[in-house]
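# Architecture and fold: a report
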Amino acid sequence: MSATQPDTITIFDTTLRDGEQSPGCSMNSAEKLEIAKSLVELGVDVIEAGFPIASPDDFEAVRTIAREFGNRTVICGLARCRKEDIDRAWEALKEAEKCRIHVFLATSPIHREFKLKMAEDQILKSTVEMVKYTRDLMCSRSDITTPNLEFSPEDAARTELDFLCQVVEKAIDAGATTVNIPDTVGYATPLHFKHCIEYLKANVSNINKAVISTHCHNDLGLAVANSLAGVEAGARQVECTINGLGERAGNAALEEIVMAIRTRGDFYGVKTNINTPKLFPISRLVSRITGMTVQRNKAIVGQNAFAHEAGIHQHGMLQNRATYEIMKPDDVGYVGSNLVLGKHSGRHAFRDRVKSLGFELETAVFEKVFQEFITLCDKKKDVYDSDIIALIESHIGEKSDVTDRWKLISVQTFAGANAIPTATVELQCEGDPQPKRDAATGDGPLDAIFLAMKRITGVAGTLRNFQVRSVTGGEDAQGESFVEILVNDKAYHGKGISTDIIQASAEAYLKALNRAMSDKQPTKRVLAQHD
Ligand code: KIV
Ligand code: ZN
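Residues numbered from 1 in each chain as written. Chains lettered and ligands numbered in written order. Predicted model: local features only at pLDDT ≥ 70, side-chain atom pairs only at ≥ 80, totals over all residues. Heavy atoms only, no water.

## So, the overall build of the protein chain
This is how the line gets drawn: To qualify as a helix, a DSSP run of H or I must reach at least 4 residues; to qualify as a strand, a run of E must reach at least 2; elements of each kind are numbered from the N terminus. Only protein chains enter the accessibility calculation, which uses a 1.4 Å probe. A residue is then buried if its area is under 20% of the maximum for its type, exposed if over 50%, and partly exposed in between. By definition in these notes, contact holds between two residues if any of their heavy atoms fall within 4.5 Å. The accessible surface values rely on the Shrake-Rupley method and a 1.4 Å probe; as for residues, cover is taken only from the protein chains in view.
The number of helices and strands found in the protein chain is 17 helices and 14 strands. Here the C-alpha coordinates of the protein chain stretch approximately 70 × 60 × 45 Å along the principal axes. By residue count, 54% of the 531 residues in the protein chain fall in the buried class. For the protein chain, contacts bridging at least 24 residues in sequence account for 68% of all contacts bridging at least 6. As displayed, the protein chain has an accessible area near 23400 Å², and 50% of this comes from carbon and sulfur atoms.

Quick look at the structure:
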């Protein structure tokens, strides 16, 4: 268990489990490991690394994360209220020094009647049996006397309060050390949720033996507000995700929870163990890996979060930043558009800059990035921090276990008013010295490129989402292209970066095709919630 004091909120991150359940956000094991490493450095208290029974890949990811980081942070695995799930979770977690099993069972009337087809007494019985089963299983390890065990009554926010109290009381009696109160469908409002936690505190006789946790979904845009209302009422764990990733509209955003607690410490009277300058870098990492772009005006980690446009604001800021700024950009590791170096700055200065942006690059990667930086300086008048980060991030991806089967050799397009958009694409397949070339026409030059790529690779991807944004301002800015395709009903994404948006888009599409080709589980994961 972490050395969490009563006035310290345990930050339970579920980016790798609930976050990964967002459509199109599935991650491979190497990517999960990379995020887990950053979560550890961020200082989260618990990492929910996955749902081990869901698939062999999920199991492997949880086991690897448990082995790698289980001595630094509590690693948690999710399980339904079933022996097979709990056994599988334990198998994945048991080598971690600090581990937690998270067992859940729905309790709301609608779930009881239509999903589980279980009566109240059956829910109570199953809760007690499976929590005890988990406790005994974890106690089989000689160093564990009080297992770190979480129980969640799924859809708690729509459960009758008195029944919820009964379930929670029985779960604690059976050995749960954390009782999590999920607002599974994002139905609660802040006062409703606060009342729910207060009711549990007042009516569950053994509530002081467990930590109360919140797990709020964002369907009404209230996930963060509801979680904070829970904290006000006495919850001491908050479940959340980086960038608010998660099922449907997502979960409570970790960065917002943490900065609200920190900025309004005067009101909440609690703190977290989070190393806040790491918030911005991890937000970018998760966005890059999942392909889920962060909206510009997103609180805390959006590009505009610290941008002051209005003259009156700028004037006030010059006198005293606190006139219009409640947090300092440095507090969250915000990287703005600082003008950086030119090509004459040299390797040393560039290395220092890379370091101060929070990256440690292996020599070979550093060399590649440096050469690209020099090339970029020739193409672009001003090179900014954001440009350097974009270059670095395009290489970090190379470490993932997605092997790029196809590489882009060249792309040419022809388009214009009253012209037939045409593209010629040349790709090289891994292990084949002979590049493959094809040309296609389409609705526009990009459509033509995508069609040519589909023909060369033989993978039929349907375009589902396409976005281009400029990394910085200015006419010569680098363009970052994001592509999401559907292959056999499963979503894959890719990103590309270049001062030429046609090339960036071609790279992004090819990246998505490569991901689809290397997917070991090319169909959507469907898991019944219960028997
Ligand atoms: O939203 C939810 O109810 C969940 C549970 C598994 C905790 O994610
Ligand atoms: Zn959830």
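## Some thoughts on the site of ligand 1
So the rule is basically this: Residues are counted as near a molecule or strand when any one of their heavy atoms sits within 4 Å of it. Under the rule applied, a polar contact is a pair of N or O atoms within 3.5 Å (in protein, one hydrogen donor and one hydrogen acceptor; residues adjacent in sequence only if both atoms are side-chain atoms). Lys, Arg, Asp and Glu make up the charged group, whereas Ala, Val, Leu, Ile, Met, Phe, Trp, Tyr, Cys and Pro make up the nonpolar group; the residues left over, Gly among them, are polar.
All residues adjacent to ligand 1 are R17, D18, H102, F104, S152, E154, N180, P182, T184, H215 and H217. A distance of 3.1 Å separates an oxygen atom of ligand 1 from a polar side-chain atom of D18. Between ligand 1 and T184, the relevant distance is 2.6 Å, taken from an oxygen atom to a side-chain nitrogen or oxygen of the residue. Summarising the interface, the protein chains cover 94% of the accessible area of ligand 1, which totals 260 Å² for the free molecule. At the level of secondary structure, the elements contributing two or more residues to the shell around ligand 1 comprise β4 (99-106), β5 (149-154) and β6 (178-183). The residue inventory of the shell around ligand 1, partitioned by class, reads 2 nonpolar, 6 polar and 3 charged.

## With respect to the coordination of the zinc ion (ligand 2)
By definition of the ideal shapes, four donors in a tetrahedron about a metal sit 109.5 degrees apart, and six donors in an octahedron sit 90 or 180 degrees apart. Selection rule: Here the term donor refers to an N, O or S atom within 2.8 Å of the metal (or 3.2 Å for Na, K and Ca), and because water is left out of the atoms, sites may appear incomplete.
Looking at the metal site, the zinc ion (ligand 2) is ligated by D18 (OD), H215 (NE2) and H217 (NE2), spaced 2.0 to 2.1 Å from it. Each donor residue of the zinc ion (ligand 2) lies on the same chain, and together they follow the pattern D-x196-H-x1-H. In this pair, D18 sits in the loop between β1 (10-13) and α1 (29-42) while H217 sits in the loop between β7 (211-216) and α8 (223-233), placing the two residues 199 residues apart along the sequence. We note that D18, like H217, is buried.

## Side note on the packing of helix α13 (residues 346-356) against helix α14 (residues 363-379)
Worth spelling out the cut-off: With axes taken as lines fitted to C-alpha atoms, and helix axes fitted only over the stretch in contact, angles between N-to-C directions fall between 0 and 180 degrees. Angular relationships are summarised with four words: roughly parallel below 35 degrees, roughly antiparallel beyond 145, roughly perpendicular across 65 to 115, and oblique for the angles in between. Here is the rule for handedness: rotate from the far helix to the near one, and if that takes an anticlockwise turn smaller than a right angle the crossing is left-handed, while a clockwise turn gives right-handed.
Packing of α13 against α14 leaves a shortest axis separation of 11 Å and a crossing angle of 110°. Here α13 lies roughly perpendicular to α14, going by the angle between them. Of the two elements, α13 crosses α14, and the hand of that crossing is right-handed. Of the residues in α14, those in contact with G346, R347, F350, R351 and V354 of α13 are F366, E367, V369, F370, Q371 and F373. Grouping the constituent residues of the contact of α13 with α14 by class yields 6 nonpolar, 2 polar and 3 charged.

## Some thoughts on the packing of aromatic side chains
What counts here: Two rings from Phe, Tyr or Trp (for Trp, the six-membered ring) form a pair when their centres sit within 6.5 Å of each other. Planes less than 30 degrees apart are called stacked, planes more than 60 degrees apart edge-to-face, and all others tilted. Think of it as a cone above the ring: NZ of Lys or CZ of Arg counts as a charge over the ring if it is within 6 Å of the ring centre and within 35 degrees of the ring normal.
The tally for this structure, following the rule as stated, stands at 11 aromatic pairs. Here F267 and Y268 contribute two aromatic rings whose centre-to-centre distance is 5.0 Å and whose plane-to-plane angle is 80°, an arrangement assigned as edge-to-face. With relative accessibility at 47%, the residue F267 sits in the partly exposed group. Grouping aromatic residues by their ring pairs yields a cluster made of F350, F366, F370 and F373. The ring centre of F59 lies 3.8 Å from the NZ or CZ of R88, which sits over that ring. The ring of F366 carries the charged tip of R351 above its face, separated from the ring centre by 4.2 Å.

## Some details on the sheet that holds strand β14 (residues 490-498)
Short version of the rule: Two strands pair if DSSP finds at least two bridges between them.
Taken in spatial order, the 3 strands make up an open sheet running β12-β13-β14, and their pairing is antiparallel. Across the chains shown, the open sheet's two edge strands, defined by having one partner strand only, are β12 (462-470) and β14. Averaged over neighbouring strand pairs, the angle between their axes works out to 15° when direction is ignored. Bridge count for strand β13 (residues 479-487) against β14 is 9 bridges, and the pairing is antiparallel. Across the sheet, the residue bridging to S481 is G496, located in β14. Contacts from helix α11 (residues 279-290) reach β12 and β14, with the element oriented near 115° to β14. Most of the contacts of helix α17 (residues 501-518) go to β14, to which it runs at about 145°, and overall it touches β12, β13 and β14.

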